[in-house]
Every structure is written in structure tokens, then in C-alpha cells.
Amino acid sequence: MKYGLVGAKGKMGKEIRELFSSHGDDLVLEVDVDHFVERGIPEVIVDFSSPNAVPTTVELCKRYSAHLVIGTTALTQEHFELLRELGQHVAVVQSFNFSEGIAIFQKLLRNFSRLFTDWDCWIVETHHNQKKDAPSGTALMLKREVGREVPISSLRIGGIFGEHVVYFANANEVFEIKHSALSRKVFASGARKAALFCLKAKKGFYNFLDVLEGGI
Ligand code: NAD
């Protein structure tokens, strides 16, 4: 696969380059702040950078007719509008979390949160101290699945790749569901699955659950 990478110099950029090249993929476009290297036409662009990169990334996808996999967090409604519009031209996969465990976590909450209607609920997320946004995009995704107003607490400490806990509690019992990412490789691997999905998918706007369920 010929791919482009926005945020090429970042922590996720490094992880994605390593994982994709171990599968023989060809990095033909590198984009970062003050950095633009073009060696060919990408079939897919992968963006794990910053929300302010979105307009340029969308433009690049249109220029090359490249599909898009975007993992950048803290996107606003305007960013989503740009991405949905791009989905009318190519396949776009957007997720705030490209790990399979979080996709399962979402499904668990979707199906079972109603059993905890009368219980208190609280989401706690912990990430490394360089993460720029809070709460995490993943915590917001999990909150949406709980389906009611839920407080989120964010810790920014050490080198933690990403930990999410959803607590349900009543006066006598506590029930918790927890997911920990043990490395950034898990997100890079999910991004690659999404990129391969794009090559086969019809144009459209997809999430990572669509990728895992093969919903083309
Ligand atoms: P990072 O700070 O290490 O890297 C970000 C890179 O993007 C930097 O090299 C920076 O220079 C570059 N960048 C910033 N603005 C840019 C612009 N306008 N154009 C091009 N490049 C630009 O951060 P990171 O840990 O690699 O995370 C990057 C993003 O991915 C964050 O939004 C993070 O929350 C998100 N993330 C998502 C997932 C997921 O599964 N969806 C997993 C991990 C991280």
C-alpha cells in the first residue's frame, strides 16, 4: 500500500511508520509542521496530528484522490463537517481510538448500560503527561455509549499510553470496566486495518467499528 502520513514526526507517526513498513507499505508522503516530502501518490493518508491540520489533510486527500484514516482527537463540529464532506469523494475512517478492546468496550456499554440506569456512573481516563486534550476522545466516545450525562475525570501523569475505566456504583456495590493500552502499537495496527478497509470500501464516512465488522 502506498500511504501518506500527517504528523509524521510525532509519537504516533513514528509508531505508524514502523508498523506499516514492517508490512512492506510504502510511505510516499510525509507531512508535519514545516515538513513536506512527496515521493509518490498515496492511496490512503493517515493523520494522527492536530485538529488544525484537518483542512490541509482534506485538501491533500482531494488532490491525490486518497482515502483518509484519521485518529486525531479534539476535533470540533466544523472538522467533522469537512470530514463528512470528504466522505462523499473517498472512504474516510475516523475514530478517537483505533484499539479493538475499546471497540468491544463501546459495544459492552451500548448493550448493558441500561442495566445500570439507577446506579451512579463516572468515567476516569489516564494518559501520559504530554497529551494535549482532556477529556480524551475515547472517554467522550464511551460516555456517548452510556447514553446519559456522566462526569469524566482526566489524569495526565507519566508515560501511560491510555487507560479508561467506567465505574457504576450504588450504595452497596461497585462495578467497573477497565481498558489499558499496553503500547502505541495497538493504535498503529488498528489504523493499518482501517487503511486496508478503505482500499476496498465504497466512498463514505466510517468509524472503527465499521472496519472491525467489515461493514463495506
Ligand atoms: P505528538 O504531539 O507526539 O505528534 C503530533 C505530531 O503532529 C507532531 O509531530 C506535530 O508537529 C504534528 N503536527 C501538529 N500540527 C500539525 C499540522 N498542522 N500539520 C501537520 N502536522 C502537525 O502526538 P501523538 O501522541 O503522536 O498524537 C497525535 C494525535 O493522535 C493526537 O490528537 C492524539 O490524541 C491522537 N491519538 C489518537 C489515537 C487513536 O487511536 N485515535 C491514539 C493515540 C493518539
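The structure presented is a predicted model; accordingly, all values stated were derived computationally and were not measured.

Trainee: How would you sum up the sheet that holds strand β9 (residues 163-169)? Please name residues and give values.
Mentor: With mixed pairing, four strands are arranged side by side in an open sheet as β8-β7-β9-β10. Strand pairing shows two members of the sheet lacking a second neighbour, β8 (152-156) and β10 (174-180), which therefore form its edges. Sheet twist, expressed as the mean angle between neighbouring strand axes with direction ignored, is 15 degrees. Strands β9 and β10 of the sheet are contacted by helix α4 (residues 100-112), whose axis makes an angle of about 155 degrees with β10.

Trainee: An account of the pattern of salt bridges is needed here, citing residue identities and associated values.
Mentor: Counted according to the given criterion, the structure contains 11 salt bridges. With a closest N to O distance of 2.8 Å, Glu125 and Arg156 form a salt bridge. Of this pair, Glu125 sits in strand β7 (residues 120-127) while Arg156 sits in strand β8, and the two are 31 residues apart along the sequence. On the accessibility criterion, Arg156 (22% relative accessible area) is partly exposed. Of the charged contacts, one joins Glu163 and Lys178 as a salt bridge, the two residues approaching to 3.9 Å between their closest N and O atoms. Within this pair, whereas Glu163 is found in strand β9, its partner Lys178 is found in strand β10, the two being separated by 15 residues in sequence.

Trainee: So what's going on with the packing of α4 against helix α5 (residues 137-146)? Residues and values would help.
Mentor: In the contact formed by α4 and α5, the axes pass within 8 Å of each other and the chain directions differ by 25 degrees. Our classification of the angle between α4 and α5 gives roughly parallel. Between α4 and α5 lies a crossing whose hand is right-handed. Residue-level contacts link Ile102, Phe105, Gln106, Leu109 and Arg110 of α4 to Thr138, Met141, Leu142, Glu145 and Val146 of α5. Looking at the contact of α4 with α5 residue by residue, the class counts come to six nonpolar, two polar and two charged.

The rules behind the values
- Residues numbered from 1 in each chain as written.
- Predicted model: local features only at pLDDT ≥ 70, side-chain atom pairs only at ≥ 80, totals over all residues.
- Heavy atoms only, no water.
- Pairing = 2+ DSSP bridges.
- Helix = DSSP H or I, 4+ residues; strand = E, 2+ residues; numbered from the N terminus.
- Axes fitted to C-alpha atoms, helices over the stretch in contact; angles between N-to-C directions.
- Contact = heavy atoms within 4.5 Å.
- Salt bridge = Lys/Arg side-chain N within 4 Å of Asp/Glu carboxyl O.
- Buried < 20%, exposed > 50% of the residue type's maximum accessible area, 1.4 Å probe, protein only.
- Parallel < 35°, antiparallel > 145°, perpendicular 65-115°, else oblique.
- Left-handed = near helix turned anticlockwise from the far one by under 90°.
- Nonpolar A, V, L, I, M, F, W, Y, C, P; charged D, E, K, R; others polar.

Interpretation note: all reported values are geometric properties and have no functional meaning in isolation.
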